[in-house]
Amino acid sequence: MSKQEEKKLFIQTLGCQMNDTDSQHIIAELKEHKNYTTTDNIEDADLIIINTCSVREKPVSKLFSEIGQFNVKKKDGAKIGVCGCTASHLGNDIIKRAPYVDFVLGARNISKIKDVIEKKGAVEIDIDYDDSTYQFAQNSNNLYKTSVNISIGCDKECTYCIVPATRGDEISIPPEMIIEQIKKDVLRGAKEVTLLGQNVNSYGRRFSDKREKYSFTKLLQDVSKIEKVERIRFTSPHPLHMDDEFIEEFAKNPKISKCIHMPLQSGSTKILKAMKRGYTKEWFLNRAKKIREMAPDVRITTDIIVAFPGETQEDFEDTIDVIKQVKFDQIFNFKYSPRPNTAALELKDIEVADEIGSKRLIEVIELHKEHQSELMDSNIGKVVTVLFDSLKPNGEVAGFTDNYCQVFVKGSDELLGQLVDVKVTEATRTALKGEVINR
């Protein structure tokens with residue numbers, strides 16, 4: 001196509017890292033097959049896409065507010081598309097409520113993007129659709145890092161979560177496709193790879209071609225054999241599947257970043273059972289202790305939901321107890337709010353009062369702040385290895401340590417893509433500052 005035929009795409013991504021990767025797939029597919037380039041100016045766009053998330057608070061009302069604003073700002077003839085998890089959930093209702101939307105594409109149907117943009121009123125939301133072997137066009141917004149989906153969907157039945165209803169049953173992407181994509185990304189300069197899935201450590205239990213099972217630990221080993229891969233990250237593993245073999249590989253493999261997300265959700269075994277998480281408080285503490293013992297520099301992050309229906313003060317104290325014992329490096333805190341198509345909707349008669357939930361949330365936040373300050377301050381004076389990946393406007397360069405703590409130093413673009421030793425001189429609750437050690 002000629003330069004004059006290029007079209008502009010504006011895309012807004014909400015939610016998790018899997019959504020970010022889905023958006024990169026959308027961008028790459030439309031660039032390769034439909035000659036789109038991206039723009040940050042919505043008024044210049046020929047196509048406007050919002051890639052939605054059902055997990056965030058009030059996703060439906062916010063969706064219609066945002067696409068209404070898009071409709072006001074768009075130029076004549078520009079198309080609007082809604083993709084992602086809220087698209088999967090609402091489907092045809094989106095176009096009924098907002099007829100100016102041109103197409104709806106569910107989270108399980110991203111590979112159909114180049115076709116639906118040509119079909120006014122198209123709604124593709126089949127959560128059983130299998131694109132696990134589809135070879136997406138390649139695109140990345142970071143030269144030094146890459147993210148690779150290793151599975152689609154989720155087999156868990158967590159009672160608070162809408163994801164299985166929007167992304168369907170779990171299917172693993174064949175390992176040879178994952179390895180091939182990573183090798184391509186390494187050739188263009190990527191040094192760090194993040195493996196993505198709803199529950200990465202249940203990887204390999206089901207493939208669309210019915211092949212034999214293949215463990216996540218084996219995948220980690222195979223990815224680590226790829227030449228020039230410096231770091232391997234993954235999110236999110238499920239505490240239930242953190243067996244000894246997995247923990248030992250995580251701790252002993254030098255290419256695996258020593259940062260692990262362990263979504264606790266609640267410290268109460270009673271509430272964990274009501275949530276259908278499949279593990280107990282004791283199991284979680286045992287796994288966290290083993291990880292800390294085997295990988296002393298590990299950073300452990302988590303998700304916590306307070307005020308789940310039926311949560312008593314005693315249950316909440318169990319959560320506080322786990323926080324005190326594990327001392328998480330980062331906590332993503334949430335006060336429970338009901339989601340459509342979830343089993344927890346049936347628990348309205350035992351909901352926790354809003355003011356109690358708010359008070360509990362504040363207590364978790366304040367306790368975590370204490371732990372964060374203590375943990376971050378302990379880095380002062382240490383020498384850490386940083387992979388620098390971004391320039392800042394104030395003359396600083398930013399990157400991440402092996403255990404995924406952000407570090408800022410004075411420097412220039414010559415540091416980008418480099419693994420550099422840095423002596424830490426300052427710490428805040430969220431980042432470190434330091435000085436590059438002469439190389």
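Residues numbered from 1 in each chain as written. Predicted model: local features only at pLDDT ≥ 70, side-chain atom pairs only at ≥ 80, totals over all residues. Heavy atoms only, no water.

Q: Sorry, what's going on with the packing of aromatic side chains here?
A: Scanning the model with the defined rule gives 12 aromatic pairs in all. Here Phe234 and Phe246 contribute two aromatic rings whose centre-to-centre distance is 5.8 Å and whose plane-to-plane angle is 65 degrees, an arrangement assigned as edge-to-face. Within this pair, whereas Phe234 is found in strand β11 (residues 231–235), its partner Phe246 is found in helix α9 (residues 244–252), the two being separated by 12 residues in sequence. Pair check on accessibility: Phe234 and Phe246 agree, each one buried. A ring pair is formed by Phe308 and Tyr336, whose centres lie 5.3 Å apart and whose planes are at 75 degrees; its orientation type is edge-to-face. Taken together, the residues span a long stretch of sequence, with Phe308 in the loop between β13 (299–306) and α12 (313–326) and Tyr336 in the loop between β14 (330–335) and α13 (354–377) at a distance of 28 residues. (Phe/Tyr/Trp six-rings, centres within 6.5 Å; stacked < 30°, edge-to-face > 60°. Helix = DSSP H or I, 4+ residues; strand = E, 2+ residues; numbered from the N terminus. Buried < 20%, exposed > 50% of the residue type's maximum accessible area, 1.4 Å probe, protein only.)

Q: How do you make sense of the UniProt feature "binding site: [4Fe-4S] cluster 1" (unreviewed entry) in the chain when you look at a structure like this?
A: According to UniProt, the feature "binding site: [4Fe-4S] cluster 1" (unreviewed entry) maps to Cys16, Cys53 and Cys85 in the numbering used here. These annotated residues cover 70 residues of sequence, and their C-alpha atoms lie no more than 10.7 Å from one another, placing them together at a single site. By secondary structure assignment, the location of Cys16 is in the loop between β1 (7–13) and α1 (17–34). Cys16 gets classed as partly exposed once you look at its relative accessible area, which sits at 35%. Tracing the backbone through its elements, the reader meets Cys85 in helix α3 (residues 85–90). You can call Cys85 buried: its relative accessible area is 7%. In this structure, Cys85 is in contact with Thr52, Cys53, Ser54, Ala107, Thr166 and Arg167, ignoring residues within four places of it in sequence. (UniProt positions renumbered as here; feature names shortened; annotations may be inferred. Contact = heavy atoms within 4.5 Å.)

Q: So what exactly am I meant to see when it comes to unusual backbone geometry here?
A: Most of the time, phi is negative for any residue but glycine, and the peptide bond is trans. Going from Thr235 to Ser236, the amide bond is cis rather than trans, its omega being -5 degrees. Phi at Lys210 takes a positive value of approximately 65 degrees, unusual for a residue other than glycine. Tracing the backbone shows Lys210 in the loop between β10 (192–196) and α8 (216–224).

Q: Could you clarify how one ought to interpret α13 in this entry?
A: Spacing of three or four residues puts side chains on the same side of an α-helix, whose turn is 3.6 residues. Compared with the 34 Å implied by 1.5 Å per residue over 24 residues, the 35 Å span of α13 between its first and last C-alpha is a close match. Listed as buried for α13 are Gly357, Arg360, Leu361, Val364, Leu367, His368, His371, Gln372, Leu375 and Met376. Here the buried face of α13 lies against β13, α12, β14, β18 (419–427) and β19 (432–436). (Expected span 1.5 Å × (residues − 1).)

Q: Got a minute to help me understand the pattern of salt bridges in this structure?
A: One side chain can pair with another of opposite charge once the charged atoms of both are near each other. All chains considered together, the criterion is met by 26 salt bridges. Between Glu118 and Lys34 there is a salt bridge, with its nearest N and O atoms 3.3 Å apart. Of the two residues, Glu118 sits in the loop between α5 (113–116) and β6 (122–124) while Lys34 sits in helix α1, which places them 84 residues apart along the sequence. Relative accessible area serves as the criterion here: at 47%, Glu118 is assigned to the partly exposed category. Among the salt bridges present, the one from Asp244 reaches Arg287, with a minimum N-O distance of 2.8 Å. With Asp244 in helix α9 and Arg287 in helix α11 (residues 281–294), this pair connects stretches of sequence that are 43 residues apart. Among the residues examined, Asp244 registers a relative accessible area of 36% and is labelled partly exposed. (Salt bridge = Lys/Arg side-chain N within 4 Å of Asp/Glu carboxyl O.)

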